[in-house]
Amino acid sequence: MPIPKEVEPIRNIKDINKIKQYLYGKENKRDYCIFVVGINVGLRAGDLLSLKISDVTDGKTIFDEVTIKEEKTGKARTFVLNKNAKDAIRTYLDTFKSVDLNDYLFKSRKGGHLGVRPLHHIIKSTLKDLGIKGNYGTHTLRKTMAFHRYINKVPIETLQKMLNHSSSEITLRYIGITKEVITDCYNAVNL
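Because the structure is a prediction, the values reported are computed rather than measured.

S.K.: I tried to follow the pairing of strand β2 (residues 76–80) on my own but got confused; where do I start?
M.R.: Residues in a regular strand project their side chains so that they alternate between the two faces of the sheet. Of the two faces of β2, only one is covered, namely that formed by Arg-77 and Phe-79; the face formed by Ala-76, Thr-78 and Val-80 stays uncovered. Where strand β1 (residues 65–69) meets β2, 5 bridges bridge the pair, whose relative direction is antiparallel. Bridge pairing in β2 places Glu-65 opposite Val-80. Where β1 hands over to β2, the hairpin turn is made up of 6 residues, of which Gly-74 adopts a positive phi near 75°.

Structural data, given as structure tokens:
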């Protein structure tokens, strides 16, 4: 039985912008908001989808920081909503007729919050529709956040803390950077 292939981050900024533009062009801004918030805060899909409206806003202001209890680890996790994440939330909430702070931020049409499986389908079908090749899924959002921060020189120890990983080795392996880093090390020094 073959080992399932790890999902990967979206490495190309042009692809990220193409996805954002595609999702923004849809009438329902929910999927756009999930994507933008997901690639900016790096939560696991279950934690992202469990966010309540009251976690991100008091109804007037979108918060700068949000603290949640991670479903997988039970650890507290504080993350920052940067400008793009705040703008996406504001765009999405502006489409609501009325806002109930107790509602889930990413509601399902069936009630409750959107599930991980439907999110997986949204990601897979969006990238397929756009012709973006690779193996993508719900962890792609989290991995994309970490990958782009890593290549923009955020120290691996900081990323480890952001992802609540127990070691920097796990973080490097998680974002799929290990092979590239090793290859770069070989190529950087020619004796």
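S.K.: Please explain unusual backbone geometry as it appears in this structure.
M.R.: Both trends apply: most residues other than glycine have a negative phi, and most peptide bonds are in trans. Although it is not a glycine, Lys-153 adopts a positive phi angle of roughly 70°. Along the polypeptide, Lys-153 turns up in the loop between α7 (139–151) and α8 (156–163).

S.K.: In this structure, what is going on with the environment of Glu-157? I would like to understand it.
M.R.: Summarising the element assignment, Glu-157 is placed in helix α8. Taking the C-alpha atoms as reference, Glu-157 lies 32 Å from Thr-61; in sequence the two are 96 residues apart.

S.K.: Can you walk me through the nonpolar core in this structure?
M.R.: Soluble globular proteins: nonpolar side chains tend toward being buried together. Core analysis: the biggest nonpolar cluster contains 41 residues, and Phe-35 and Leu-81 have the highest contact counts within it. For this core, the secondary structure elements donating two or more residues are α1 (13–24), α2 (30–41), α3 (45–49), α4 (53–56), β1, α5 (83–93) and α6 (116–129). Top contributing element to this core by residue count: α2, with 8 residues. The residues contacting Phe-35, other than those within four sequence positions of it, are Ile-10, Ile-16, Ile-19, Lys-20, Leu-23 and Leu-141.

S.K.: It is not clear to me how the packing of α2 against α7 should be interpreted in this structure. Could you clarify?
M.R.: How two helices sit against one another is set out by the angle between their axes and by the gap between those axes. Their axes nearest at 6 Å, the elements α2 and α7 cross at an angle of 45°. The orientation of α2 relative to α7 falls into the category oblique. For α2 against α7, the interelement crossing comes out right-handed. Here α2 contributes Ile-34, Phe-35, Gly-38, Ile-39, Asn-40 and Val-41 to the contact with α7, which in turn contributes Leu-141, Arg-142, Thr-144, Met-145 and Arg-149. Residue composition of the contact of α2 with α7, by class: 6 nonpolar, 3 polar and 2 charged.

S.K.: Can you help me understand the side chain of Glu-70 in this one?
M.R.: Counting through the fold element by element, Glu-70 comes out in the loop between β1 and β2. Overall, Glu-70 belongs to the buried group, its relative accessible area being 2%. In terms of polar contacts, Glu-70 uses its side chain to reach the side chain of Arg-44, at 3.1 Å.

S.K.: Could you clarify how one ought to interpret the environment of Cys-33 in this entry?
M.R.: Inspection of the secondary structure puts Cys-33 in helix α2. Of the residues examined, Cys-33 reaches a relative accessible area of 0% and is grouped as buried. The spacing of Cys-33 and Asn-164 is 131 residues in sequence and 23 Å in space, taken between C-alpha atoms. Beyond its immediate chain neighbours, meaning those up to four positions away, Cys-33 contacts Gly-38, Ala-88, Ile-89, Tyr-92 and Phe-106.

The rules behind each value
- Residues numbered from 1 in each chain as written.
- Predicted model: local features only at pLDDT ≥ 70, side-chain atom pairs only at ≥ 80, totals over all residues.
- Heavy atoms only, no water.
- Buried < 20%, exposed > 50% of the residue type's maximum accessible area, 1.4 Å probe, protein only.
- Helix = DSSP H or I, 4+ residues; strand = E, 2+ residues; numbered from the N terminus.
- Pairing = 2+ DSSP bridges.
- Core = buried A, V, L, I, M, F, W, Y, C linked by side-chain atoms within 4.5 Å.
- Contact = heavy atoms within 4.5 Å.
- Axes fitted to C-alpha atoms, helices over the stretch in contact; angles between N-to-C directions.
- Parallel < 35°, antiparallel > 145°, perpendicular 65-115°, else oblique.
- Left-handed = near helix turned anticlockwise from the far one by under 90°.
- Nonpolar A, V, L, I, M, F, W, Y, C, P; charged D, E, K, R; others polar.
- Polar contact = N/O pair within 3.5 Å; in protein donor to acceptor, adjacent residues only side chain to side chain.

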